[in-house]
Amino acid sequence: MSSVQLIKVTEDEGESRLDRWLKKKFPVLTQGAVEKMCRTGQLRVDGGRVKASDRIGPGMEVRVPPLPEAGAKAPESRSEARRDATQISPADEKMIQAAVLWKDEHIIALNKPAGLPSQGGSGQGDRHVDGLLEALKFGYKDRPKMVHRLDKDTSGVLLIARTDRVARALSESFRLKTTRKIYWAAVAGVPSPKKGTIRYGLVKAPGHGRGGEGEKMLCIHPSKVDATPDAKRATTDFAVIDGLGSRVSWVGLVPITGRTHQLRAHMAELGHPIVGDGKYGGSGQENLGDGWGSQLGGEISRKLHLHARTISFDHPITKKRITLTAPLPDHMVRTWKTLGWIEGEAPLDPFEDDR
């Protein structure tokens, strides 16, 4: 067994998921072993507890507990072995290829379907975008690489890099905030004022659900973030695009920071949870017309109404500014039609006058 190690993430390594970074450095580790170290608090980042799916970046310090020596690789968990043995079905290959929004020889952009996890992990099952990337090689030798992720129930633009070099460059652009993402959401009620910035910090709620899926992020007043252990500052810009009386509105959201469940937690804290958000809006909270409750009832889908609508980034090779727009998923198309909202009448960037 090795001793405890404190390892700093270098600039060359860029941003990545903790589990992927760790397994690249220590091939002896399995996914199950990484997740166990996280659950037991042995694996920490900057002194705080983490999940295997958390993202790390340059300058962060990772505490790695004693590991087995090379050649003494622990047996794979049954779920991990099952994932490795699973081949991509023709139906899944067709589905993920149909989700391609745009591509060139360096980058692939997907319109990720709602309900499909970006990557595997606790409670996510065996079917996810990362596990389907082999179907996106399109004749190239290397398997594409994930650059960022979207929550399972969030749809929209997701960037995939064809090479390590491009993946590092795109990760750096996310870290430097030169990449701009605009989300669309339907939320309960109508925020007032109709445009503003939310600056509540976020911290993981104590306790875990089965497989970790019960976790929530708690909002912390900006004045108390520094005094709250493990809390991180978070910033979201919001703008109302259209509304239906005082019951529901269509908003544009820009995550200035990229915290877990940031948009969902921030809108609920503002008093306007995202429609269909059972975790932050309350699965039993029917919206009776008073502007609260994540379920509108009637013909409105109970699925989460959060969509990564556009992404703008500087192409790491051509240096051109690229802006990509993803059509709404079917359940949001039906809601927009029911509420009389017209997708094509919205500005590409509802915050353009403020920039």
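Residues numbered from 1 in each chain as written. Predicted model: local features only at pLDDT ≥ 70, side-chain atom pairs only at ≥ 80, totals over all residues. Heavy atoms only, no water.

1. Considering the UniProt feature "active site" (unreviewed entry) in the protein chain
The positions that UniProt labels "active site" (unreviewed entry) are, in the present scheme, Asp 151. Along the chain, the position of Asp 151 falls in the loop between β9 (145-146) and β10 (155-161). In this structure Asp 151 touches Lys 112, His 261 and Arg 264, once residues within four positions along its chain are discounted. (UniProt positions renumbered as here; feature names shortened; annotations may be inferred. Helix = DSSP H or I, 4+ residues; strand = E, 2+ residues; numbered from the N terminus. Contact = heavy atoms within 4.5 Å.)

2. Some points on the packing of aromatic side chains
Scanning the entire structure with this criterion turns up four aromatic pairs. Here Trp 184 and Trp 250 contribute two aromatic rings whose centre-to-centre distance is 5.0 Å and whose plane-to-plane angle is 70 degrees, an arrangement assigned as edge-to-face. Pair noted here: Trp 184 is in strand β11 (residues 180-188) and Trp 250 is in strand β16 (residues 248-255), with a separation of 66 residues, a long-range link. Note on Trp 184: relative accessible area 2%, which makes it buried. Relative accessible area serves as the criterion here: at 2%, Trp 250 is assigned to the buried category. Three or more aromatic residues link up through ring pairs in this structure, and these residues are Trp 184, Trp 250, Trp 336 and Trp 341. We note Lys 103 situated over the ring of Phe 138; from NZ or CZ to the ring centre the distance is 4.9 Å. (Phe/Tyr/Trp six-rings, centres within 6.5 Å; stacked < 30°, edge-to-face > 60°. Buried < 20%, exposed > 50% of the residue type's maximum accessible area, 1.4 Å probe, protein only. Lys NZ or Arg CZ within 6 Å of the ring centre and 35° of its normal.)

3. Focus on helix α8 (residues 330-339)
Those residues of α8 that sit buried are His 331, Met 332, Thr 335, Trp 336 and Leu 339. For α8, the angular spread of the buried residues around the axis is 135 degrees, confining them to a single face. Along α8, the residues that are exposed and aim more than 90 degrees away from the buried face are Asp 330 and Lys 337. Those residues of α8 that are buried are in contact with β11, β15 (236-244), β16 and β17 (306-314). Looking one or two places after α8, you find Gly 340, whose phi comes out positive at around 80 degrees. (Arc of directions from axis to C-beta.)

4. Regarding unusual backbone geometry
What you tend to see is this: most non-glycine residues have negative phi, and most peptide bonds are trans. Cis geometry is adopted by the peptide bond preceding Pro 193, which originates at Ser 192 and carries an omega value of 0 degrees. Position of Pro 193 among the secondary structure elements: in the loop between β11 and β12 (195-198). Non-glycine residue Lys 319 carries a positive phi angle of around 70 degrees. Mapped onto the secondary structure, Lys 319 falls in the loop between β17 and β18 (321-325).

5. Topic: the pattern of salt bridges
This model, assessed by the stated rule, comprises 17 salt bridges. The shortest N-O distance in the salt bridge between Asp 349 and Arg 180 comes to 3.2 Å. Separated by 169 residues along the polypeptide, Asp 349 in the segment after α8 and Arg 180 in strand β11 bring together distant segments of the chain. Given the relative accessible area of 15%, Arg 180 is considered buried. Within the structure, one salt-bridge network assembled from shared partners comprises Glu 11, Glu 172 and Arg 175. (Salt bridge = Lys/Arg side-chain N within 4 Å of Asp/Glu carboxyl O.)

6. Considerations on the environment of Pro 350
Within the secondary structure, Pro 350 is located in the segment after α8. Looking at Pro 350, the relative accessible area reads 14%, which means it is buried.

7. Examining the sheet that holds strand β6 (residues 61-64)
Backbone hydrogen bonds are what pair the strands of a sheet, in a parallel or an antiparallel way. Reading across the sheet, the four strands line up as β1-β6-β3-β4 and stay open at both edges, with antiparallel pairing between neighbours. The sheet terminates laterally at β1 (5-8) and β4 (48-49), the two strands that pair on one side only. Bridging between strand β3 (residues 44-45) and β6 involves two bridges; their strand directions are antiparallel. Counted as the bridge partner of Val 45 is Val 62 from β6. Against the sheet, helix α1 (residues 18-25) contacts β1, β3 and β6, and its axis sits at roughly 60 degrees relative to β6. (Pairing = 2+ DSSP bridges. Axes fitted to C-alpha atoms, helices over the stretch in contact; angles between N-to-C directions.)

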